[in-house]
Amino acid sequence: MRRAGVLGLALLFGLGIAGSHRAAAWDVSAEQVRGALQRGREYLKTQRNATSGGWAEHPGQPGGLTALCVLALLTSGEPVDSPDIQAALTYLRAIGEPNRTYATALQTMVFCAAEPEKDRLLIARNARWLESAQVRGGPAAGMWGYATGEGRGDNSNTQFALLGLYEAERAGAAINPAVWQLSLAYFERTQREDGSWAYFEQSTPLPSSGSMTCAGAGSLLICADRLGLREADIGADGRVACCGSPRRDDHIERAIAWLGRHGMATNPGQEAWHLYYLYGVERVGRLSGRRFLDRLDWYRTGADLLVARQDSLNGQWRGSGILESDPVLATAFSLLFLGKGRRPILISQLDWRDDADSDWNRHPSSLHQLTRDVEVNWKRDLAWQTIRLKLASIDDLAETPVLFVRGTQALDLPAERVALLREYVRQGGFLWVEACDGDGCRGEAFAKSFERLASELIPNAKLRALPIEHPIWYAETRVDPKSLPEGFWIHGVDACCRTSIVFTNRTLSCYWELRSDRSEARPGNVERRIRAALDVGRNILAYATNRELKEKLDQPRILAQGAEPRPERGTLAIPKIGHAGGADDAPNALANLLMVVRDQAEIPVNLETRLLAPTDLAIHDHPILFLHGRRDFRFTQAERQAIAEYIRRGGFVFGDAICASPQFATAARREFEALFPGTAFATLPADHPIYTREYRGFAVERVTVRDPQTRAEGRPLEADLVQQTPILEGLDVDGRLAVILSPLDLSCALENQPSLECKGYIKADAARLGVNIILFGLGQ
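Residues numbered from 1 in each chain as written. Predicted model: local features only at pLDDT ≥ 70, side-chain atom pairs only at ≥ 80, totals over all residues. Heavy atoms only, no water.

S.K.: When you look at the pairing of strand 5 (residues 345-351) in this model, what are you seeing that I'm missing?
M.R.: Looking along a regular strand, one sees side chains alternate from face to face of the sheet. Among the seven residues of strand 5, seven are classified as buried, and the element is accordingly described as predominantly covered. Pairing between strand 5 and strand 6 (residues 383-388): six bridges, direction parallel. Within strand 6, the position partnered with S348 by the bridge is Q385. In terms of strand pairing, strand 5 meets strand 7 (residues 402-407) through two bridges, oriented parallel. (Buried < 20%, exposed > 50% of the residue type's maximum accessible area, 1.4 Å probe, protein only. Helix = DSSP H or I, 4+ residues; strand = E, 2+ residues; numbered from the N terminus. Pairing = 2+ DSSP bridges.)

Have a look at this one:
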């Protein structure tokens, strides 16, 4: 065993800090985007006129450029109470009565985004003017021009007017539905056969362009949302009908196909307005819930392009053409794309069909409405998206915290796609499956097929009805099952630190789709059921994500099974000790920790998961053994003797109580103290060198611990984040610290599985502590 100790010291020799070994699929990273946003914000703020409070305006659009700059700053992270934002708001509020479409729409969007309660009267005033400025008759009905009665109208002014009205109605202003209906009809009749739009239609056709195709598609999405066009319906008798004819918008599909074909390198069909086009692409991608426009990964493509083109000295962008050569305008459009497009993904729906059948997308606006409800309650901007299983990789799936699968037909998937979903769950993903059943839907075939599939996703697992005491029923709001569709229940499959697969046996998405920002007269029982369905949805999302979401481009580490080469001489491999208390309940935790050791300490590691019996002589080939679990266990006499011999020869054991399991921690103390009579675990002092850089690890004298709390009735379940000194326990054997046990969770944090139920260290501190323990063990 001393050879292993020498190996440990050799591995420690020359430690340094290294970058990640994971090859990025794109040149641009989340950190680069954050840096670009910060530099762009600082540039815009330097261009503000300190005397007026605003930016130098373009002729004929009072307040227009200032409003665009404020939107860009807010979207990219500038606080609403910053001096620059407050000065600009004062300037915008002092502008007189509205009279120009662009400026009024942008001003309205700012008031809605910044301080909507304070500016409610101004929002309503602007909305009334925008409504009055819409063209009501003739071939241009549904359009806006630059001002009332000025010009015949165009698609650019029209999309901005609709954007302003959209935000105004979401903020509480009453908008006449006829406004949305007129514009919907206009864009549907003016779309060209190939799916595109031009600036406007005339006898001599203008060429189509990317920016105007975005204007058309984005406007259709807004109008359909505001008009409540949906598959679910409430009949005259007050009954909800959930599964009518599937709703598919061919206008949107044709536009998205056109955009996907033409890409983002330029504004297709037009030499100028490239950055304006990118801002439009972001809107279409976000409002439609598409990560891909056809096969175009729009956010990564645009972010890659913009980060590369930003002026590295002053943070500005410049576009082509007369107006986008103005760096203030160009920078504002660039920040809007980068800022709005990076909103954290809350949930992704899975397109699991290969054909045009839309059974996977019953109630197509439902996730939009659920996400909107979560945004209101969590008070943050979020996004949702659709992923095609046929084209997805594990990297694609791993970027979404919750994968939503629904349908009525049998969920029969090829073996390779089942394997992909299995890997998604293994990597820490959360799978939410809904049978569209009840209220006119027939989802029995889907439900039965998923019951079979569940055991393939997590071997030997069975769906179980989750008891009402499970936190998934009350993570946000306690829900009475009686308020939900008849026969509804939540079922689940546990994996590692939490329930990782949830199955809902009645349609909730039908009721989400009926949600509205507007006040609608509906039967009381229907309104209560809609509210209960949204509450369940929010509970499941809070449980699944712990309300901790990543921005786009924050790519999770993917641990590919079987991808690591066999151990080479000089490579650190740490096996797990087998026992009956959940020895492999967090299967990825150790490998994820070893990746951090590899990346940060330049130690070659082997990520192969090995579970060794204590009596296996191979344990003596390793300087460290890892022991974790979440239940009581006992070693046999032979196993105790084998582990005692391993430790006497210089071996080191690193233990962790998964989810701070008291049963496991008690068992671990009992078993190891029995190996060496007269010894006892003791809490390491706060000044112990293991918490410092002495072993070339991290300074972790202070850490953040997630402490789940039982809240008063009506308050959401959440965990307090407590700043404290780390808690590790050690067992001293013959004057050497031979065993270290963490009674607070490390493993769940390292599993990429946020859990509302686990008391333990946050992920970053779990990794730092784990690295320090391993480096300490190698030095023994």
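S.K.: Sorry, what's going on with the sheet that holds strand 18 (residues 718-724) here?
M.R.: Here three strands make up an open sheet; going across it, the order is 18-17-21 and the pairing antiparallel. Every other strand in the sheet has two partners, leaving strand 18 and strand 21 (760-761) as the edge strands with one partner each. Looking at chain direction, strand 17 (residues 703-709) and strand 21 are connected through two bridges and run antiparallel. Looking across to strand 21, one finds that V705 is bridged to Y761.

S.K.: What exactly am I supposed to notice about the environment of I472 here?
M.R.: Its place among the elements puts I472 in the loop between strand 9 (464-465) and strand 10 (490-495). According to the relative accessible area criterion, I472 is buried, its value standing at 0%. If sequence neighbours within four positions are ignored, I472 has contacts with F430, L466, I490, V502, N539, I540 and Y543. (Contact = heavy atoms within 4.5 Å.)

S.K.: What is the right way to read unusual backbone geometry from this model?
M.R.: Glycine aside, a negative phi is what most residues show, and trans is what most peptide bonds show. Not every positive phi belongs to a glycine, and D294 is a case in point at roughly 60°. Even without being glycine, R547 reaches a positive phi, approximately 60°. The exposure class of R547 is buried, given its relative accessible area of 19%.

S.K.: Would you mind showing me how to read the state of the cysteines here?
M.R.: Each disulfide consists of one covalent bond between the sulfur atoms belonging to two cysteines. Inspection of the entire model under this criterion finds three disulfides. The side chain of C243 participates in a disulfide bridge whose partner is C441; the two sulfur atoms lie 1.9 Å from each other. Between C243 and C441 the disulfide shows an S-S torsion of about 95°. By sign, it is right-handed. Of this pair, C243 sits in the loop between strand 2 (240-241) and helix 10 (250-262) while C441 sits in the loop between strand 8 (430-435) and helix 18 (444-457), placing them 198 residues apart in sequence. For C441, a relative accessible area of 3% translates into the label buried. Disulfide pairing is shown between C659 and C758; the S-S distance is 1.7 Å. (Disulfide = S-S within 2.5 Å.)

S.K.: Whenever I open this one, the nonpolar core confuses me. Can you help?
M.R.: One recurring pattern in soluble globular proteins: nonpolar side chains tend to sit buried together. In this structure, V33, W180 and L338 are the most contacted members of the largest nonpolar core, which totals 98 residues. Listed in part, the 50 residues of the second largest apolar core include C496, M595, Y691 and I740. (Core = buried A, V, L, I, M, F, W, Y, C linked by side-chain atoms within 4.5 Å.)

S.K.: Explain the packing of aromatic side chains to me, please; I cannot follow it from the model alone.
M.R.: Two descriptors summarise a pair of aromatic rings, namely the distance from one centre to the other and the angle between the planes of the rings. In this structure the tally under the stated criterion is 26 aromatic pairs. For the ring pair F160 and Y276, a centre distance of 6.3 Å and an interplane angle of 10° mean the geometry is stacked. Pair noted here: F160 is in helix 7 (residues 155-170) and Y276 is in helix 11 (residues 274-287), with a separation of 116 residues, a long-range link. A relative accessible area of 7% places Y276 in the buried class. Residue placement shows R283 over the ring face of Y279; its charged tip is 4.4 Å from the ring centre. Positioned above the aromatic ring of Y474 is the side chain of R478, whose terminal nitrogen or guanidinium carbon lies 4.5 Å from the ring centre. (Phe/Tyr/Trp six-rings, centres within 6.5 Å; stacked < 30°, edge-to-face > 60°. Lys NZ or Arg CZ within 6 Å of the ring centre and 35° of its normal.)

S.K.: Even after reading the chapter, I still don't get the sheet that holds strand 6, so can you show me in this structure?
M.R.: Strand pairing within a sheet occurs via backbone hydrogen bonds; the two strands may be parallel or antiparallel. Strands sit in the order 6-5-7-8-11-10-9 across an open sheet of seven strands; the sheet is mixed. Of all strands in the sheet, those bounded by a partner on one side alone are strand 6 and strand 9. Pairing between strand 8 and strand 11 (residues 498-504): four bridges, direction parallel. If you follow W432 over to strand 11, its bridge partner there is V502. Contacting strand 5, strand 7, strand 8, strand 10 and strand 11, helix 20 (residues 524-545) runs over the sheet at an angle of about 160° to strand 8. (Axes fitted to C-alpha atoms, helices over the stretch in contact; angles between N-to-C directions.)

S.K.: Even after reading the chapter, I still don't get the pairing of strand 17, so can you show me in this structure?
M.R.: Here seven bridges tie strand 17 to strand 18, and the two strands are oriented antiparallel to one another. Note that in strand 18 the partner of T704 across the bridge is Q723.

S.K.: Help me understand the environment of A87, please; the structure alone is not making it clear to me.
M.R.: Inspection of the secondary structure assignment puts A87 in helix 4 (residues 83-93). According to the relative accessible area criterion, A87 is partly exposed, its value standing at 22%.

S.K.: I tried to follow the packing of helix 3 (residues 64-75) against helix 4 on my own but got confused; where do I start?
M.R.: Two numbers describe a pair of packed helices, the interaxial angle and the distance between the axes. At a minimum axis distance of 10 Å, the contact between helix 3 and helix 4 shows a crossing angle of 150°. In terms of axis orientation, helix 3 runs roughly antiparallel to helix 4. When the axes of helix 3 and helix 4 are compared, the crossing they make is left-handed. Mapping the contact onto sequence places T66, A67, V70, L73 and L74 in helix 3 and I85, A88, Y91 and L92 in helix 4. (Parallel < 35°, antiparallel > 145°, perpendicular 65-115°, else oblique. Left-handed = near helix turned anticlockwise from the far one by under 90°.)

S.K.: Teacher, can you tell me more about helix 17 (residues 415-426) here?
M.R.: It helps to recall that an α-helix has 3.6 residues per turn; residues three or four apart then point in one direction. Across its 12 residues, helix 17 extends 16 Å between first and last C-alpha, which sits within 8% of the 16 Å expected from 1.5 Å per residue. Looking only at helix 17, the buried set comprises R417, V418, L420, L421, E423, Y424, V425 and R426. Within two residues after helix 17, G428 carries a phi angle of roughly 105°, on the positive side. (Expected span 1.5 Å × (residues − 1).)

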